[in-house]
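Residues per chain, in single letters:
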Amino acid sequence: MPEVEVRVPKEDEDMSEFTDVMMEAWDGMPESEVIPSHVFEASRETGNVLGAYMDGELVGLAYQIPDMEEEGVIHSHAVGVASEHAGEGIGEQIKRGQRQHAVEKGFDTVEWTYDPLLGMNANLNIGKLGGKVSEYREDVYDSDNETTAGETPADRFVVEWDLESDHVQQTLEGEDRNYEPETVLSAEGPQLDLENSVVQYLDGEYELGDVPEGTVAVQIPRDRSKAEEAGTEQEWRYATREAFQTLFDEGFEVVGFRTPGEDYDSNTYILER
């Protein structure tokens, strides 16, 4: 993992570079949706933008907004890495730097959203950072949004990162927990495996049957793009929506994430009450 310095940009640094990195990180984003350099400049003054620097070069950013309704909470609006450095672990370093900055400024929680079908994001947000989830939002972006429009609704998890909790501390230090969950939704490659799931397709919609008492697991495809190619992406959206919303209503929350390996054959969310 390359060594990266995460900090508030200095007064003499060109804030247009942040706009350039954002456009590169979100390739295809309409220009109207990219944060302009003058907003980044204002955010530098208020400490709401962080840059990730490698050998003096800006390679990533975090843009955040303090919550005016909830004390001690920051909304993390955007974290991105220049495409040439994708996959190098810089995103995790940015989030760790964001955490340190927030704690130093007296904040105790950072929240952000992401698509629950994206295993790479889940592995970082839940598996490596220790975020938890108990809120599910349906179809967050309207159909006219060029970067999110499509047949599959743009549902999102809301991650709550309790910055100094034991759970977060232990996760950041690499401590692992052994779970013995009952799987309520199973994957078979890019396909739903409803024969081995508590979630069933009945009368034209997905329904979660009896909710298990203990720890539960919800699987998603190893690769969402494979599900898209197989024409099952919408099925995954509606089946996981039913599973997560019902489980959240029953008092469960996402506390862990496992990638395929010896114990788990698919990307797997772990939920506890």
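A brief report on the enclosed structure follows. (Residues numbered from 1 in each chain as written. Predicted model: local features only at pLDDT ≥ 70, side-chain atom pairs only at ≥ 80, totals over all residues. Heavy atoms only, no water.)

### Some points on the nonpolar core
Part 1: By size, the foremost hydrophobic cluster in this structure holds 40 residues, and its most contacted members are Phe157, Val218, Phe244, Val254, Tyr269 and Leu271.
Part 2: Among the elements that make up this core, the one with the highest residue count is helix H7 (residues 233-249) (6 residues).
Part 3: Not counting residues up to four positions away in its chain, the partners in contact with Val218 are Val184, Leu185, Thr240, Ala243, Phe244, Leu247, Asn267, Thr268, Tyr269 and Leu271.
Part 4: Membership of the second largest hydrophobic core comes to 14 residues, among which are Val34, Val49, Leu61 and Ala78. (Core = buried A, V, L, I, M, F, W, Y, C linked by side-chain atoms within 4.5 Å. Buried < 20%, exposed > 50% of the residue type's maximum accessible area, 1.4 Å probe, protein only. Helix = DSSP H or I, 4+ residues; strand = E, 2+ residues; numbered from the N terminus. Contact = heavy atoms within 4.5 Å.)

### Observations regarding the pairing of strand E10 (residues 199-202)
Part 1: With 4 bridges connecting them, E10 and strand E11 (residues 205-208) associate as antiparallel partners. What sits directly across from Leu202, in E11, is Glu205. (Pairing = 2+ DSSP bridges.)

### Digging into the environment of Val198
Part 1: Position of Val198 among the secondary structure elements: in the loop between strand E9 (191-193) and E10.
Part 2: For the pair formed by Val198 and Glu180, sequence separation is 18 residues and the distance between their alpha carbons is 16 Å.
Part 3: For Val198, the residues in contact, after removing those within four places along its chain, are Glu182, Thr183, Val184, Glu207, Leu208, Gly209 and Asp210.

### Some thoughts on the pairing of strand E8 (residues 182-188)
Part 1: Bridge analysis of E8 against strand E12 (residues 216-220) gives 3 bridges, and the strand direction is parallel. Opposite Glu182, over in E12, you have Val216 as the bridge partner.
Part 2: Two strands pair when backbone bridges link them, and E8 and E9 are joined in this way by 3 bridges, in the antiparallel orientation. Note that in E9 the partner of Glu188 across the bridge is Gln191.
Part 3: Where E8 hands over to E9, the hairpin turn is made up of 2 residues, of which Gly189 adopts a positive phi near 65°.

### Details of helix H4 (residues 119-128)
Part 1: When H4 is considered as a whole, its buried residues turn out to be Gly119, Ala122, Asn125 and Ile126. Across the axial projection of H4, the buried residues extend over an arc of 135°, all falling on one side.
Part 2: Residue Gly130 follows H4 closely and has a positive phi angle near 85°. (Arc of directions from axis to C-beta.)

### Observations concerning unusual backbone geometry
Part 1: Here Asp55, not a glycine, exhibits a phi torsion of approximately 55°, which is positive.
Part 2: By secondary structure assignment, the location of Asp55 is in the loop between strand E2 (49-54) and strand E3 (57-66).
Part 3: In this structure Asp55 comes out as exposed when scored by relative accessible area, which is 81%.

### Concerning the environment of His77
Part 1: By secondary structure assignment, the location of His77 is in strand E4 (residues 73-81).
Part 2: Residues His77 and Val216 lie 139 residues apart in sequence; the distance between their C-alpha atoms is 30 Å.
Part 3: The residues contacting His77, other than those within four sequence positions of it, are Ile35, Tyr63, Gln64 and Ile65.

### A look at a negative patch on the surface
Part 1: A grouping of Glu3, Asp14, Glu17, Asp20, Asp55, Glu57 and Glu84 is seen on the molecular surface, where their side chains present a negatively charged patch.
Part 2: Mapped onto the secondary structure, Glu3 falls in the segment before strand E1 (5-7). (Patch = residues over 30% accessible without salt bridge, like charges linked within 9 Å, V, L, I, M, F, W, Y side chains within 5 Å. Areas by Shrake-Rupley, 256 points an atom, 1.4 Å probe, with all protein chains shown as cover. Salt bridge = Lys/Arg side-chain N within 4 Å of Asp/Glu carboxyl O. Lys, Arg positive; Asp, Glu negative; His and termini not counted. Charge placed at Lys NZ, Arg CZ, Asp CG, Glu CD.)

### Remarks on the pattern of salt bridges
Opposite charge on two side chains allows them to pair when their charged atoms are near.
Part 1: Within the structure shown, the criterion is met by 15 salt bridges.
Part 2: When the shortest N-O distance is used, the salt bridge between Glu41 and Arg44 registers 2.7 Å. Of the two residues, Glu41 and Arg44 are both situated in helix H2 (residues 37-46); the distance of 3 residues between them amounts to about one turn of the helix.
Part 3: Here Glu45 ties to Arg44 by a salt bridge, and the two come within 2.6 Å at their closest N and O atoms.
Part 4: The exposure class assigned to Glu45 is exposed, which follows from its relative accessible area of 54%.

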